Amino acid sequence: MWGIIATWRMALEGVTRVSTQLERGGDAASAVVDAVADVEDFPFYKSVGFGGLPSENCEVELDAAFMDGGSLAFGAVGNLVDIANPVKVAHALSRERFNSLLVGKGAREWAVEQGFAQKKMLTERAIGHYKKRCRDTIDQGLSPYDGHDTVGMVSLDRQGGMSVATSTSGLFMKRRGRVGDSPIIGSGFYCDNEIGGATATGVGEDLMKGCTSYEIVQRMGRGMTPQQAADSVVLELEDKLMKRFGRCGDLSVVCMDKDGHFGVGTNIKTFSFVVATSQLMPTVYLAERVNEHTIYQRADEIWLADYEQRIREPIDGVLYYD
Ligand code: ASP
């Protein structure tokens, strides 16, 4: 048995590619790192890696993480600037005994020293999004922070190994130096071979309040199915925040247990995710909350075609090629 589950439709190409590796006995760590790196490289996925959405200073600061479910080793980077694949840096950091989470200047220095590829990560299209958002915020009173997504993936390999990885540009228009949940162990990601793994996407400030991914893994460990664990954690966190904090942002999670069963939880209208297992071809699902439960169904051809078109749409009438 092998499996991989990932947040958002943007994971599809990467998941499809590494499914072949997993089918042939490839390890979960390489699967999540390679698949997340594919998402980072693709310029039209606007909240991850190259082409990621900038901060309020129009700089692209990237967060990423990796965790090995066997040794519990993890590595993470925050506010990493102009390095091509933050997830690869996070993976390399997981092999270090100390300094597992590096941010900003120190993260960049280490990555350069280790020979990771440098690349200007701010694209013309991302600048287009930025200019439009500056105007929309002023003219229409929109929240500057809308528009963000993290690619997060959990994988199980045929040898029973499990790994998780995340990557994101974080909240659009975030303050310089802001770090979300994605590189924070326990919040944006967690993985334990003996139980399973989980990863989150949504408003990091709120996901961190529930140590969301760790909590899901613990609930699976106590006997909940992945679906029960994902649903209950999202629902309870939302309830708690509404009661005690007065508001709650977007919360979505995916998880997989050590037997390859998966779960999904969300509090938003449409949360897309991707799954592939030894029994299931790479498939895009759309999830939504109905009462106390998250339900999901396969994305149809119309939704998929519309998505392809949407990510390439001109911004203010300008068509960008990357
Ligand atoms: N959780 C990410 C952050 O707060 C953003 C997202 O996943 O939508 O940085």
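Residues numbered from 1 in each chain as written. Predicted model: local features only at pLDDT ≥ 70, side-chain atom pairs only at ≥ 80, totals over all residues. Heavy atoms only, no water.

**Q** So what exactly am I meant to see when it comes to the overall build of the chain here?
**A** Across its full length, the chain carries nine helices and 13 strands. Taken against the 2.2 N^0.38 rule, which gives 20 Å for 322 residues, the C-alpha radius of gyration of the chain at 18 Å falls within 12% of a compact globule. If you line up the chain on its principal axes, its C-alpha atoms span 50 × 50 × 40 Å. Here the chain holds 322 residues, and 57% of them are scored as buried. Long-range pairs, those at least 24 residues apart, make up 65% of the contacts in the chain between residues at least 6 apart in sequence. Summing over all exposed atoms, the chain offers an accessible surface of approximately 13,700 Å²; the carbon and sulfur share of this is 51%. If you average the places of the 34 positive and of the 44 negative side-chain charges in the chain, the two averages end up 3 Å apart. (Helix = DSSP H or I, 4+ residues; strand = E, 2+ residues; numbered from the N terminus. Rg over C-alpha atoms; globule rule 2.2 N^0.38 Å. Buried < 20%, exposed > 50% of the residue type's maximum accessible area, 1.4 Å probe, protein only. Contact = heavy atoms within 4.5 Å. Areas by Shrake-Rupley, 256 points an atom, 1.4 Å probe, with all protein chains shown as cover. Lys, Arg positive; Asp, Glu negative; His and termini not counted. Charge placed at Lys NZ, Arg CZ, Asp CG, Glu CD.)

**Q** Would you take a moment to explain the sheet that holds strand S7 (residues 189–192) for this structure?
**A** Whenever strands of a sheet pair, they do so through backbone hydrogen bonds, lying parallel or antiparallel. The strand order across the open sheet built from four strands is S7-S8-S9-S10, with neighbouring strands paired in antiparallel fashion. The sheet is open, and its two edges are formed by S7 and strand S10 (262–266), each paired on a single side. Neighbour to neighbour, the strand axes of the sheet diverge by 10 degrees on average, direction disregarded. In this structure, strand S9 (residues 251–257) lies alongside S10, joined through five bridges in antiparallel fashion. (Pairing = 2+ DSSP bridges. Axes fitted to C-alpha atoms, helices over the stretch in contact; angles between N-to-C directions.)

**Q** Which parts of the structure should I look at to understand the nonpolar core?
**A** Nonpolar side chains in soluble globular proteins generally cluster together in the buried interior. Formed by 74 residues in total, the largest nonpolar core has its most connected members in Ile4, Met153 and Phe273. A per-element tally of this core places helix H2 (residues 28–41) first, with eight residues. Beyond its immediate sequence surroundings of up to four residues, Ile4 is in contact with Val15, Val18, Leu22, Val32, Met153, Val154, Ser155, Met256, Val274, Val275 and Ala276. (Core = buried A, V, L, I, M, F, W, Y, C linked by side-chain atoms within 4.5 Å.)

**Q** I would appreciate a short explanation of the site of the ligand in the present structure.
**A** Surrounding the ligand, one finds His148, Asp149, Thr150, Gly170, Leu171, Arg178, Gly180, Asp181, Ser182, Thr201, Gly202 and Gly204. The contact in question runs from a nitrogen atom of the ligand to an N or O atom on the side chain of Asp181, over 2.6 Å. Burial of the ligand by the protein amounts to 100% of the accessible area it has alone, namely 270 Å². Grouping the constituent residues of the shell around the ligand by class yields one nonpolar, eight polar and three charged. (Near = heavy atom within 4 Å. Polar contact = N/O pair within 3.5 Å; in protein donor to acceptor, adjacent residues only side chain to side chain. Nonpolar A, V, L, I, M, F, W, Y, C, P; charged D, E, K, R; others polar.)

**Q** What is the right way to look at the sheet that holds strand S4 (residues 101–103) in this model?
**A** Ordered in space as S4-S3-S2-S6-S5-S1-S11-S12-S13, the nine strands form an open sheet in which the pairing is mixed. With partners counted over all chains shown, the strands left at the sheet margins are S4 and strand S13 (293–298), one partner each. Neighbour to neighbour, the strand axes of the sheet diverge by 15 degrees on average, direction disregarded. As paired strands, strand S1 (residues 3–7) and strand S11 (residues 271–277) are joined by five bridges and run antiparallel to one another.

**Q** Explain the pattern of salt bridges here, please?
**A** Between side chains of opposite charge, a pair can form as their charged atoms come close. Considering all chains together, one arrives at 18 salt bridges under this definition. The residue Arg17 makes a salt bridge to Asp38 at a minimum N-O spacing of 2.7 Å. Highlighted residues: Arg17 in helix H1 (residues 12–23) and Asp38 in helix H2, separated in sequence by 21 residues. A relative accessible area of 40% places Arg17 in the partly exposed class. For Asp38, a relative accessible area of 23% gives the class partly exposed. Sharing partners across several salt bridges, the network here consists of Arg9, Glu13, Glu308 and Arg312. (Salt bridge = Lys/Arg side-chain N within 4 Å of Asp/Glu carboxyl O.)

**Q** What am I meant to see in the side chain of Ser19 here?
**A** Among the secondary structure elements, Ser19 is positioned in helix H1. Among the polar contacts made by the side chain of Ser19, one reaches the main-chain carbonyl oxygen of Val15 at a distance of 2.7 Å. Aside from chain neighbours lying at most four places away, what touches Ser19 is Trp2, Ala276 and Pro282.

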